[in-house]
Amino acid sequence: MNFKKEESLLANVKTAPRDAILGLTETYVADPNPKKVNLGVGVYYDDQGKVPLLECVRRADEALTAAGIARPYLAMDGFPEFVRAAQTLLFGADHPAVSQGRVTTVQAVGGTGGLKVGADFIRRFAPEAVLYMSDPSYDNHRPLFEEAGFRVETYPYYDPRTRGIRFAEMLEFLRDAPKGSVALLHACCHNPTGVDIRGEQWKDVIKVIAERRLIPFLDFAYQGFGEGVDEDAEVARRFARELPLVLVAMSFSKSFSLYGERVGSLSVVTADSGEAARVLSNLKRMIRTNYSNPPSHGARIVASVLASPELSALWRKEVLVMRDRVRSMRRELVERLKKRIPADFGFILQQRGIFSYSGLSREQMVAMRERYSVYGIESGRICVAALNPRNLDYVADAIAATIALSAAERSKPRAAA
Ligand code: LMR
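I will try to describe carefully the structure that is included in this document. All figures in this text were calculated on a predicted structure; none of them were measured in a lab.

Parameters and conventions
- Residues numbered from 1 in each chain as written.
- Predicted model: local features only at pLDDT ≥ 70, side-chain atom pairs only at ≥ 80, totals over all residues.
- Heavy atoms only, no water.
- Helix = DSSP H or I, 4+ residues; strand = E, 2+ residues; numbered from the N terminus.
- Buried < 20%, exposed > 50% of the residue type's maximum accessible area, 1.4 Å probe, protein only.
- Lys, Arg positive; Asp, Glu negative; His and termini not counted.
- Salt bridge = Lys/Arg side-chain N within 4 Å of Asp/Glu carboxyl O.
- Polar contact = N/O pair within 3.5 Å; in protein donor to acceptor, adjacent residues only side chain to side chain.
- Contact = heavy atoms within 4.5 Å.
- Pairing = 2+ DSSP bridges.
- Axes fitted to C-alpha atoms, helices over the stretch in contact; angles between N-to-C directions.
- Disulfide = S-S within 2.5 Å.

**Brief notes about the side chain of Asp-219**
- Along the polypeptide, Asp-219 turns up in strand β8 (residues 215–220).
- For Asp-219, which is buried and forms no salt bridge, the nearest opposite charge comes from Lys-254, at a distance of 8.2 Å.
- Within polar-contact distance, the side chain of Asp-219 engages the side chain of His-141 at 2.7 Å.
- Ignoring anything within four residues of it in the chain, the contact list for Asp-219 reads Leu-115, Tyr-138, His-141, Leu-185, His-186, Ala-187 and Ala-249.

Here it is, written out as C-alpha cells:
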C-alpha cells in the first residue's frame, strides 16, 4: 500500500547530522578503492591491519566457554567482580577514597555509556550546569552532552601555533566559569590532539576546580596507551584524593581490544559513604530506565583477566606492546614525511595515545580522502594506530602530495575579479 506524504506522521523528521567519526567509517566501507586506509575511527590495529584478539582475552574467553556459563541478567550496576576489578584498576589497590567508601562504580556500555549515564546523573542533580569541554574535544562529546540536555561550551585548549596547550588561558577561563559548571577533561591521550595536561599542571587544574566548585568529569578511554597502566590512572587517583566530587568514565574497548563487547564503567567519587550510596541508587535508576542492565560477556572476560595474576600480568605486557607499536608508527611516519616534504612533523612524536592532530586543514583532509581514499577526521585527526608497514608509504605519499598540491594552489596567481 502506498501512503500519501501528508498521511505520514514522520513527514517532518529531518535527517540527523552525519556522525563525524562513525559516519566516515560508513563512507570508507563503501569505497571500492583497494588502497583505501581508514585513519578515522579510534581503533588499534596490529601490523597486519587487524583488530587484535589479545592472548589474555583469548584464554579467559576459552575458560568461560569451557565452563559453559548461562546468560542470566546482570544486576543493574553490572557484574560485581567486574565492578570491583574496574574500580581497583582505576584507583589502585589501597586508595583512601575507596577504603573510606567514597567511591561508587557501575558497569557501563563502553566508555560512551559511562559518559551518558554520568551526563544524565549530573543533569538530575544540577540541571542548570553548563558543560565546558576542551577546544577541540572528542567529536562525540558535544552531541552526547547536548542530547543529555546540557548547554555545551568550550575552554581554550589546543594551540595550533605551538602545538601545545594554551594552559594559562585555559586556567584563566575556568577561573571565570560559573560555579557548579561541569569541566570535562581527558585523563590521558587527549582525543583528538594527543596533547595532554601533564604532571604538576594537574595541580593547578585541581586548584581551580576546587575554588570554583566545578564538577570534574574525566574521560578515561586509553589507559595504558600514554605512559603505562598505573601512570595513566594517576590523574584520576589524584582527583579522588583531593576533591570531594569527580566522575570518571572508563573504556575497556582499546585497553582490552574488546570494542564490540561494549565494556566500560562509570565511577563517582563523593564526599562520604552515605553520599556514595545515594548516588549509586540514582545511577541504577538511570541504567534501569535506559537499558535495564549491561551486557555480561565482555565484563566477565575483563573480570577473569584481572582476577588472575598470570592473565593480568600478560594483559599489562600486551597493552605495552600496543602502546609501543603506536609509538613506532609515529616514528616511521615522521621519517617518511621527512624524506618527502620539507615541513617538520617532529611534533607527532611528542603526542600521546593513538591519535595525532596532523595540522592538515579540513580541505586537505577532504582532498586526501577524495584523491587517495585515505580517511581521517576533517578536524585533521588521524589514527596513528591504524598505520602499518603495508600502508605507511601510501599514507606518507598521500599526505605529502596533498600538502604539495595546496602549496601549488596557494602560489597560483589569483584570477582577476
Ligand atoms: C574515536 O574517537 O574514534 C573512538 O573513541 C571511537 C568512537 O566511538 O568514536
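Don't stop here, the text continues.
**Some remarks on the sheet that holds strand β7 (residues 182–186)**
- On the basis of which strands lie adjacent, the open sheet formed by 7 strands has the order β2-β10-β9-β8-β7-β3-β4 and mixed pairing. Two strands close off the open sheet at either side, each with one partner strand: β2 (103–109) and β4 (152–156). The average undirected angle you get between the axes of adjacent strands in this sheet is 25°.
- Each of β3 (131–135), β4 and β7 is contacted by helix α7 (residues 167–175), which is oriented at about 135° to β4, the strand it contacts most.
- Set on the sheet, helix α10 (residues 273–290) makes contact with β2 and β10 (263–269); between it and β2 the angle comes to about 15°.

**Some words on the state of the cysteines**
- Tallied over the entire structure, the rule returns 0 disulfides.
- Between Cys-56, a cysteine without a disulfide, and Cys-188, which holds the nearest cysteine sulfur, the sulfur-to-sulfur distance is 18 Å.
- In this structure Cys-56 comes out as buried when scored by relative accessible area, which is 0%.
- Here Cys-188 is not cross-linked by a disulfide; its sulfur's nearest cysteine counterpart is in Cys-189, at 3.6 Å.

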